[in-house]
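Per-entry structural report
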Amino acid sequence: MTHTRTTPSFQEQEPLALYIHWPFCVSKCPYCDFNSHVRDSVDQAAWRAALLSDLAHEAALTPGRKLQSIFFGGGTPSLMPPETVAALLDAAERHWGFAPDIEITLEANPSSVEAARFADIAAAGVNRVSLGLQALDDAALRFLERAHDVREGLGALAVAQSVFDRVTFDLIYARPDQSPQAWDRELTQAIALGTGHLSLYQLTIEDGTRFATDALKGSLIELDPDRAADLFEATRARTAAAGLPAYEVSNHAKPGQQSRHNLAYWRYQDYLGIGPGAHGRRLGAATVRHKKPENWLKRVAATGHGIQVEDPLAPRERATEALLMGLRLDEGVDLAHLSRRTGIANLIDPRAEARLTDLAMLTREGDRIRVTPAGMLLLNAVLADLVITD
């Protein structure tokens, strides 16, 4: 059900971020709980037309605002035909206009087949690519059931670095039985590859994944939490020493190389989400698209958009979301600024703040509150204790 949108004045002229979801993959990874699907065939013309329609719907609701970033996620958007990427970018520029330094990111698998499309994708307007390397160890890649090996992944990375202005890649660590020495070797190699950004995620077992089933059966044993915590601390120290400090729980970058698109999420700026399962936050409302690709297509055909839920968010909901997202960042949250935007002031439990400060998990400088590196180790628990949610 859709509702009449609200229009908070503080967001009317802020730039926008746009997320475009491509839901298809060649295969489903055992650790992945994203909205990704394997299909024998995809009607590319129908999908292009539907995405353009979904895009136009969001543009009609947000006139006069420039796009600061676009992110093609998935699924595996590097499987999209480059002409579809180009059509979507042309339409986005026509509808909104681009900020002069717009960041346009596309996620890609590091296969030679997809790397062969990189030049065409760059020509379409993409200026940043995010590669799912996931590991720099062949045995680990087999465990993660990735289709590429290290050699192919590094080859794709080299192509990406020759084509795109900015390149980042993902690694998954804290894998079962991973030693500190093994991870240090892998991380040292990753840093030496010379990208300006790294996303380094601890392996988590998500409900509904194959790994979750394996863990229940006992055939997959997670790394001991204390060992995982040691790896987290070592990762932050190692990347900081190399000039890529953590600016978010799992993201590390050289100065100026942070993901502008993801910063829009974490700083709780407006973002539009189109495509199956995409979420958005615009003009005080939360939007969710139909998740199953076929259901999304039917919805677009019937109404011109793929929205399943569109609900206005109360000021306290928005303030709470903004706080929970912003405290993931090393920069923390300016509580006075947040209060001005939402009209909500009492979001922090003062007793919890005092206790967490004493435990060196939290710091405050004036109106800015930050989670310390020690607190980041237990971020979910810190947030649950600190933030007043009702």
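This report concerns the structure included in the present document. (Residues numbered from 1 in each chain as written. Predicted model: local features only at pLDDT ≥ 70, side-chain atom pairs only at ≥ 80, totals over all residues. Heavy atoms only, no water.)

As a further point, take the packing of aromatic side chains. Going through the model one piece at a time under the given rule, you end up with 10 aromatic pairs. Consider the rings of tryptophan 22 and tryptophan 47, whose centres lie 5.8 Å apart with planes at 70°: the pair is edge-to-face. Of the two residues, tryptophan 22 is situated in strand β1 (residues 16-22) and tryptophan 47 in helix α1 (residues 44-61); the sequence distance between them amounts to 25 residues. Judged by its relative accessible area of 1%, tryptophan 22 falls in the buried class. Between tryptophan 47 and tryptophan 296, the ring centres sit 5.0 Å apart and the planes meet at 20°, which makes this aromatic pair stacked. Of this pair, tryptophan 47 sits in helix α1 while tryptophan 296 is found in helix α11 (residues 293-303), placing the two residues 249 residues apart along the sequence. (Phe/Tyr/Trp six-rings, centres within 6.5 Å; stacked < 30°, edge-to-face > 60°. Helix = DSSP H or I, 4+ residues; strand = E, 2+ residues; numbered from the N terminus. Buried < 20%, exposed > 50% of the residue type's maximum accessible area, 1.4 Å probe, protein only.)

Before going further, it helps to examine a negative patch on the surface. Together, Asp224, Asp226, Asp230 and Glu233 line one region of the surface with negative charge. Looking at the element boundaries, glutamate 233 is found in helix α9 (residues 225-241). By relative accessible area, which is 43% here, glutamate 233 ends up partly exposed. (Patch = residues over 30% accessible without salt bridge, like charges linked within 9 Å, V, L, I, M, F, W, Y side chains within 5 Å. Areas by Shrake-Rupley, 256 points an atom, 1.4 Å probe, with all protein chains shown as cover. Salt bridge = Lys/Arg side-chain N within 4 Å of Asp/Glu carboxyl O. Lys, Arg positive; Asp, Glu negative; His and termini not counted. Charge placed at Lys NZ, Arg CZ, Asp CG, Glu CD.)

Time to look at the packing of α1 against α11. The contact between α1 and α11 brings their axes to 10 Å, and the two run at 60°. As far as their axial angle goes, α11 and α1 are oblique. In the crossing of α1 with α11, the sense of the turn from one axis to the other is left-handed. Contacts from Ala46, Trp47, Ala50, Leu51, Ser53 and Asp54 of α1 reach α11 at Pro293, Trp296, Leu297 and Val300. (Axes fitted to C-alpha atoms, helices over the stretch in contact; angles between N-to-C directions. Parallel < 35°, antiparallel > 145°, perpendicular 65-115°, else oblique. Left-handed = near helix turned anticlockwise from the far one by under 90°. Contact = heavy atoms within 4.5 Å.)

Turning our eyes to something else, we now look at the environment of alanine 190. Relative to the helices and strands, alanine 190 resides in helix α7 (residues 180-192). The class of alanine 190 is buried, set by a relative accessible area of 1%. Along the sequence, alanine 190 and aspartate 170 sit 20 residues apart, while their C-alpha atoms lie 9.7 Å from each other.

The next subject is the sheet that holds strand β13 (residues 333-334). On the basis of which strands lie adjacent, the open sheet formed by 3 strands has the order β13-β15-β14 and antiparallel pairing. Strands at the two margins of the open sheet, each flanked by one partner only, are β13 and β14 (362-365). In terms of strand pairing, β13 meets strand β15 (residues 368-371) through 2 bridges, oriented antiparallel. Residue pairing for β15: aspartate 334 is matched across the bridge by arginine 368. (Pairing = 2+ DSSP bridges.)

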